[in-house]
Amino acid sequence: MLRNLFKGGEKKSVEPKETTEKESWFNRLKSSLAKTRNQFVSQLSSLLRVGRKIDEELMEEIEEILIQADVGIETALTLMDNVRETVKTKGLGDSSELGEVIKDEILNLLGEDIPLKLDGDSPYTILVLGVNGAGKTTTIGKLASRFKTDGKRVLVAAGDTFRAAAEDQLAIWCERAGADLIRGGEGAEPASVVYDAVHAAKNRDVDVLIVDTAGRLHTKKPLMDELSKIGRVMGQAHEGAPHEVLLVIDGTVGQNALMQAKVFNEAVPITGVTVTKLDGTAKGGIVLAVKAELGAPVKLIGIGEKLDDLRDFAAEDFVDALFTTGESAGV
């Protein structure tokens, strides 16, 4: 049983109590990672049994499981090299001892949590990138709602002027969130719309400006040039802008999402990543690959369509939810 392999799965018996908001979120996170857990942890548990010695054959089998979970070849090799070093240093011999080592190395790989914070001169500007269908518009709507709930004045700029449907969808989310929307209309020059939005945000004493962008095929150079121009225009209109360049990637796409991320990062250096749709994929290992290979921290994760299904990424919660089994999911 996994709970015997990973100490994080052990839950002491406690008196029934009212579920806290944090516990509720952890349970939802745990449920959303079920497919990844079945793909990765369940297979891992069959290998790490008492009595099996730690050898190179076992290490290679674990690497293969990591790759299947879309951790990526480079990240899997790095992770397992670290595991090998720990095994050597601690003199471990039984495979049942590897569970905690792997958990610790995953946490080390993810590094320190870097949440999305509003710091800097107002308006705090967030440029949102991502291919069509990644969940960009939904993420913007949820962010706008979050900031409004925190009492912030929020303005959204519809920088994707190539699809009327994109602006209409964004308008619906802004209405739900109670945020104002700047739109230039279909066919308008995106950088011009964004430039006007930055000045409008300054004139209206807005706290947060969130800028949507087009997400046509990431392989097309004109789009990358356009995104670079938007970034430059924002900096000209407001010193320090964009303060945050947030890339939204679809967790169900796996390694393809990482390739997309690298292309976007060349156009506008990314400061953070949002991974969406983790509730519908067995490729949750992409979270590790993003941090290890892109270098930008995962700041937000999405596990559903509700407004509060977009949360700050917490590495320890993510790993605990991934490795915890059974009905109990305390925090």
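Per-chain numbering applies: the sequence of each chain, read as written, is numbered from 1 onward. In view of the model being predicted, local features appear only for residues whose pLDDT reaches at least 70, and side-chain atom pairs are presented and counted only at 80 or more, with totals across whole chains, interfaces and linings using the full set of residues. Heavy atoms throughout the structure, all of them, feed into the side-chain values; hydrogens and water do not.

Novice: How would you explain the side chain of T276 if you had to name every residue and give the values?
Specialist: With respect to the element layout, T276 can be found in strand β6 (residues 272-276). Throughout this description, a polar contact denotes any pair of N or O atoms lying within 3.5 Å of each other; where both atoms belong to protein, one of them has to be capable of donating a hydrogen while the other can accept it, and for residues adjacent in sequence the pair is counted only when both atoms sit in side chains. A distance of 2.6 Å separates the side chain of T276 from the backbone oxygen of A134, its partner in a polar contact. Contacts were defined at the residue level, with two residues in contact if any of their heavy atoms lie within 4.5 Å. Dropping the residues within four chain positions of it, T276 is found in contact with A134, G135, T139, V248, I249, D250, G251 and G302. Numbering of helices and strands runs from the N terminus, with a helix taken as a DSSP run of H or I at least four residues long and a strand as a DSSP run of E at least two residues long.

Novice: Go over the sheet that holds strand β1 (residues 124-129), please, and point to the residues and values.
Specialist: Taken together, the 8 strands give an open sheet; going across it, the order is β3-β2-β4-β1-β5-β6-β7-β8, and neighbouring strands pair in mixed fashion. Two strands bound the open sheet, and with one partner strand each, they are β3 (180-183) and β8 (310-312). In this sheet, neighbouring strand axes are inclined to one another by 25 degrees on average, regardless of whether the strands run parallel or antiparallel. One requirement defines pairing of two strands: DSSP has to find at least two bridges between them. Summarising the sheet, strand β2 (residues 154-158) and strand β4 (residues 208-212) pair through 5 bridges and their orientation is parallel. Angles here are taken between N-to-C directions and fall from 0 to 180 degrees, while the axes themselves are lines fitted to C-alpha atoms, restricted in helices to the stretch in contact.

Novice: Describe the pattern of salt bridges, naming the residues involved and giving the relevant values.
Specialist: Between side chains of opposite charge, a pair can form as their charged atoms come close. Salt bridge, as applied in this entry: a Lys or Arg side-chain nitrogen positioned within 4 Å of an Asp or Glu carboxyl oxygen. Taken as a whole and assessed by the stated rule, the structure comprises 18 salt bridges. A salt bridge links R84 to D81; the nearest nitrogen and oxygen atoms lie 3.3 Å apart. Note that R84 and D81 are positioned in helix α6 (residues 73-90) at a spacing of 3 residues, about one turn of the helix. Note on classification: 1.4 Å probe, protein chains only; a residue is buried when its accessible area is under 20% of the maximum for its type, exposed when over 50%, partly exposed between these limits. Relative accessible area serves as the criterion here: at 21%, R84 is assigned to the partly exposed category. Classification of D81 as partly exposed rests on a relative accessible area of 45%.

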